[in-house]
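Read off the chains here:
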Number of protein chains: 2
Amino acid sequence: MKLSTRSTYGVRAMLALALSDGQSPLMVKEIAERQHLPATYLEQLMVLLRKASLVTATRGSHGGYVLTRPAADISLADIIEVLEGPLVLSECPTGVGCCSHPEQCALVDIWEEASQALIQVFANISLASLVERQRAKEMNTVLMFNI
Amino acid sequence: MKLSTRSTYGVRAMLALALSDGQSPLMVKEIAERQHLPATYLEQLMVLLRKASLVTATRGSHGGYVLTRPAADISLADIIEVLEGPLVLSECPTGVGCCSHPEQCALVDIWEEASQALIQVFANISLASLVERQRAKEMNTVLMFNI
DNA sequence: TTCAAGCAAAGTAGTTCGCTCGGAAGGGTC
DNA sequence: GACCCTTCCGAGCGAACTACTTTGCTTGAA
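Residues numbered from 1 in each chain as written. Chains lettered and ligands numbered in written order. Predicted model: local features only at pLDDT ≥ 70, side-chain atom pairs only at ≥ 80, totals over all residues. Heavy atoms only, no water.

**Digging into helix α4 (residues 76-84) of chain A**
Residues and elements named next belong to chain A.
Here comes step 1: Along α4, the residues classified as buried are Leu76, Ala77, Ile79, Ile80, Leu83 and Glu84. The arc that holds every buried residue of α4, seen down its axis, measures 160 degrees, which confines them to one face.
Here comes step 2: One or two residues past the end of α4 sits glycine 85, with phi positive at roughly 85 degrees. (Buried < 20%, exposed > 50% of the residue type's maximum accessible area, 1.4 Å probe, protein only. Helix = DSSP H or I, 4+ residues; strand = E, 2+ residues; numbered from the N terminus. Arc of directions from axis to C-beta.)

Below you can see the structure in the form of structure tokens.
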């Protein structure tokens, strides 16, 4: 029951993009360094994010990635679903065993409720609000340090 | 991001126990048949549930398993945590990379929030209420069928 | 035309998953 | 005590998945 590193790396990469000015594209190597991620692996993930239209790539020198939409319009759920697959905690293989009668199985509802709870959390957090949280936290630590 | 079959099988096995009268123990083979689970695999899971004191085993003929506590005192979270491990969606390997400063990382909080959301769902559903739901659903289907 | 970037596909070492098997240990029954 | 019956335990195993790396191609700005 862990998120794969794909999701977490992906979110961190998107956070890096959101934290940058958004003018000039950020290249994979740069993102990887800022977030301490394996660059060649991250490359793969960025391609997936591009195919999902969450980021836009420009090739050639001085290329890299930018967010396709404003950070406020991208939720963590968007990112995670691309890299993790649909957030469904359990699927009853319909037509087999107990689940030949899914309409009689109370557990189907339970798994659905749990999945929805997860999705809600991630859907309610946009990249923009993540940036805010991040800035607030950093600010806080600095203040703490000064006291 | 799926629950393993361990959890779902385990919950179903516990449901079977809760649905039984609770007087005479239910043996693995019987549980497996009622829930259409692979018996030899389920055997392993039952041992884990016993070690977690959720069920009590009696060996020898007419042996089997019973719930240790009343069904109302056992939550799905109890069962799932035993079989799935702690419900923690992501752990920052402290001391490495970005997480050498976890107090500055907004994501730590996010993963924690999401984990808590999940745990809440499962903690709020007891085996007893699962039994209720199950009975209600079956009743419903029968009624639907009669109309 | 060069060369820095993204893109694509394959490979790989390690781990986990779902499950089986064989046999030992414990416990009623005759 | 002999004999089932059931749980308990450890080993094993193939398939899938994870987290990468490698290699080589394509694209496009300078």
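There is more to say after this.
**Description of the interface of chain B and chain A**
Here comes step 1: Taken together, the contact between chain B and chain A spans 41 residues of the former and 41 residues of the latter.
Here comes step 2: Summed over both sides, the interface of chain B with chain A buries roughly 3900 Å², with 67% coming from carbon and sulfur.
Here comes step 3: Together, Met1, Lys2 and Lys137 of chain B form the three largest contributors to the area buried by chain B at its contact with chain A, with a combined 19%.
Here comes step 4: The tally of links from chain B across to chain A stands at 6 salt bridges.
Here comes step 5: In this structure, aspartate 109 of chain A and lysine 137 of chain B form a salt bridge, with 3.3 Å as the shortest nitrogen-oxygen distance.
Here comes step 6: Inspection of the chain B/chain A interface yields 14 residue pairs in polar contact (both at pLDDT 80 or more). (Contact = heavy atoms within 4.5 Å. Buried area = accessible area lost by both parts, 1.4 Å probe. Salt bridge = Lys/Arg side-chain N within 4 Å of Asp/Glu carboxyl O. Polar contact = N/O pair within 3.5 Å; in protein donor to acceptor, adjacent residues only side chain to side chain.)

**A look at the pattern of salt bridges**
Here comes step 1: For the structure shown, the criterion picks out 8 salt bridges over all chains.
Here comes step 2: Arginine 133 of chain B serves as the salt-bridge partner of glutamate 113 of chain A, at 2.9 Å between the closest nitrogen and oxygen. Here glutamate 113 of chain A, found in helix α5 (residues 106-123), pairs with arginine 133 of chain B, found in helix α6 (residues 127-146), and the two come from separate chains.

**Brief notes about the protein's contact with DNA strand D**
Here comes step 1: The environment of DNA strand D is made up of 26 residues, and the closest members are Tyr9, Gln44 and Arg59 of chain A together with Arg50 and Tyr65 of chain B.
Here comes step 2: Here DNA strand D approaches the protein such that, of its atoms within 4 Å, sugar and phosphate make up 67%.
Here comes step 3: Side-chain polar atom of threonine 40 of chain A to a phosphate oxygen of DNA strand D: 2.6 Å apart, as the coordinates give it.
Here comes step 4: The contact in question runs from a sugar or linking oxygen of DNA strand D to an N or O atom on the side chain of arginine 59 of chain B, over 2.7 Å.
Here comes step 5: Every element with two or more residues in the surface near DNA strand D is listed here: α1 (5-19) and α3 (39-51) of chain A together with α3 (39-51), β1 (55-58) and β2 (64-67) of chain B.
Here comes step 6: At 5 residues, α3 of chain B tops the list of elements feeding residues into the surface near DNA strand D.
Here comes step 7: A class-by-class count of the residues in the surface near DNA strand D yields 8 nonpolar, 13 polar and 5 charged. (Near = heavy atom within 4 Å. Nonpolar A, V, L, I, M, F, W, Y, C, P; charged D, E, K, R; others polar.)

**Considering the protein's contact with DNA strand C**
Here comes step 1: In the vicinity of DNA strand C, 24 residues are found, and the nearest of them are Arg50, Arg59 and Tyr65 of chain A together with Gln44 and Arg59 of chain B.
Here comes step 2: Each atom of DNA strand C within 4 Å of the protein belongs either to a base or to sugar and phosphate, the latter forming 66%.
Here comes step 3: Here tyrosine 65 of chain A contributes a side-chain N or O atom positioned 2.2 Å from a phosphate oxygen of DNA strand C.
Here comes step 4: In the model, a sugar or linking oxygen of DNA strand C is placed 2.7 Å from a nitrogen or oxygen of the arginine 59 of chain B side chain.
Here comes step 5: Every element with two or more residues in the surface near DNA strand C is listed here: α3, β1 (55-58) and β2 (64-67) of chain A together with α1 (5-19) and α3 of chain B.
Here comes step 6: Per element, the largest residue contribution to the surface near DNA strand C is 5 residues, and it comes from α3 of chain A.
Here comes step 7: In terms of residue class, the surface near DNA strand C is built from 8 nonpolar, 11 polar and 5 charged.

**So, unusual backbone geometry**
Residue and element names in this part refer to chain B.
Here comes step 1: One non-glycine residue, serine 53, lies in positive phi territory at about 65 degrees.
Here comes step 2: Along the polypeptide, serine 53 turns up in the loop between α3 and β1.
Here comes step 3: By relative accessible area, which is 43% here, serine 53 ends up partly exposed.
Here comes step 4: Unusually for a residue other than glycine, histidine 62 sits at a positive phi of about 60 degrees.
Here comes step 5: Tracing the sequence through the fold places histidine 62 in the loop between β1 and β2.
Here comes step 6: Residue class for histidine 62 comes out exposed when judged on its relative accessible area of 76%.

**A look at the environment of isoleucine 110 of chain A**
Here comes step 1: Structurally, isoleucine 110 of chain A can be placed in helix α5.
Here comes step 2: Here the alpha-carbon distance between isoleucine 110 of chain A and leucine 49 of chain A, two residues 61 residues apart in the chain, equals 31 Å.
Here comes step 3: Residues contacting isoleucine 110 of chain A, with those up to four places away along its chain left out, are Leu76, Phe122, Ile125, Leu130 and Arg133 of chain B.

Function cannot be inferred from these measures alone, as they are strictly geometric.
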